[in-house]
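Now for the letters of each chain:
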Amino acid sequence: MDAVGLHLNIDYVGSSGVILSPELKAGLQTSLVILQNENKFDRVYFWGKIMGVKDDYYIAQGVYRDEFGGRRTFYSKDCIRWGLLPPATAAMREKSKLAKGRFTGDPSYEYEHTTVKKVGEGEEATEEEETITIKEEDRLSSVIQEIEEDVRIVPRGAFIKTPTGEVISNRSFDGLTVSESAKLCNYMHFREPVVLTQKSLLQRANLDKAIDFMDSLEEDIPRGSWALQFERGSGLVVLRSLLWQGYVFYHVPGTRCSGSVYFGNGEKNLDLPFML
């Protein structure tokens, strides 16, 4: 959700339980402007909130001209002071999967995971315990990146890919129509494409490469992992993820107004395939 107009746009997702107090709104409006100016970002987004046992993490992201390159993630507990999160590496993400349960709210907290390894062969084989520590700050960064890869979406045509490979906002985008808004194929995963089956490759060959360079929600597995709903008559469309419960996307048909936010505990709904 773009920091510009945050105090107004947050109301679009109020029906999903996403609410900020007047104090938090005021703090975000001021601190995000300062964050943008200090780091010379082109845009700053309010990403959402991950709820912990003791404290909650408020997340913001800053981007430069290229939306896919150089994205930096920050966290705060009071929406005023922001700390930079380390980028999630592949090793960090694999390690973070071992941490179970909710976040505590303390970025310096360390989870412990004990594994038993067999050393030696035959009768001389012995078992040794190995304890792995996972820092909550690393886990937070890994979960944020996983949520972005799985469910962060934008309307089709809202962003374009330039000949140099940069992904930038499409100034010609005037929003989806009401009929287009009702189709999942008109919403794209805001990431590099990962679904490259023979069918999708043939489909991409006939598409506009400047606009259709991302995967559409129509190809998501399992099918039925998105709940689409119109509100305010047909004046607002809301998509909710059932995979990452707490992720909400909104779009006002016929306008450029769209955005998304995540308010949840940072735990993936692994039981979804059995619930559909």
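Given the structure is predicted, the values throughout are model-derived calculations rather than measurements.

Thoughts on the overall build of the protein chain
Reasoning step 1: On a plain count of helices and strands, the protein chain comes out with seven helices and 14 strands.
Reasoning step 2: Computed over the C-alpha atoms, the radius of gyration of the protein chain is 21 Å, within 12% of the 19 Å expected from 2.2 N^0.38 for a compact globule of 276 residues.
Reasoning step 3: Its C-alpha atoms give the protein chain principal-axis dimensions of about 70 × 50 × 40 Å.
Reasoning step 4: Here the protein chain holds 276 residues, and the buried ones make up 43% of them.
Reasoning step 5: Sequence-distant contacts, at least 24 apart, represent 58% of the contacts inside the protein chain between residues at least 6 apart.
Reasoning step 6: Per element, the accessible surface of the protein chain, about 14,600 Å² overall, is 52% carbon and sulfur.
Reasoning step 7: For the protein chain, the separation between the mean place of its 33 positive charges and that of its 41 negative charges on side chains is 6 Å.

Things to note about the sheet that holds strand β4 (residues 83-84)
Reasoning step 1: Strand order in the open sheet formed by eight strands is β4-β3-β2-β1-β14-β13-β12-β11, and the pairing between neighbours is mixed. Looking at strand neighbours, the two that pair on one side only are β4 and β11 (226-231), the edges of this open sheet.
Reasoning step 2: Where β11 meets strand β12 (residues 236-241), six bridges bridge the pair, whose relative direction is antiparallel. By the bridge assignment, E231 is partnered in β12 with L236.
Reasoning step 3: Where helix α2 (residues 22-39) meets the sheet, its contacts fall on β1 (43-51), β2 (56-63) and β3 (72-76), and the angle it forms with β1 comes to roughly 130°.

Description of the nonpolar core
Reasoning step 1: Core analysis: the biggest nonpolar cluster contains 37 residues, and I50, L140 and L239 have the highest contact counts within it.
Reasoning step 2: Considering every element that reaches this core, the biggest residue donor is helix α4 (residues 136-151), with five residues.
Reasoning step 3: With residues up to four places along the chain from it excluded, the contact list for L140 reads I50, Y57, I59, Y75, L85 and F103.

About the criteria used
Residues numbered from 1 in each chain as written. Predicted model: local features only at pLDDT ≥ 70, side-chain atom pairs only at ≥ 80, totals over all residues. Heavy atoms only, no water. Helix = DSSP H or I, 4+ residues; strand = E, 2+ residues; numbered from the N terminus. Rg over C-alpha atoms; globule rule 2.2 N^0.38 Å. Buried < 20%, exposed > 50% of the residue type's maximum accessible area, 1.4 Å probe, protein only. Contact = heavy atoms within 4.5 Å. Areas by Shrake-Rupley, 256 points an atom, 1.4 Å probe, with all protein chains shown as cover. Lys, Arg positive; Asp, Glu negative; His and termini not counted. Charge placed at Lys NZ, Arg CZ, Asp CG, Glu CD. Pairing = 2+ DSSP bridges. Axes fitted to C-alpha atoms, helices over the stretch in contact; angles between N-to-C directions. Core = buried A, V, L, I, M, F, W, Y, C linked by side-chain atoms within 4.5 Å.

Any link to function would need more than the numbers given here.
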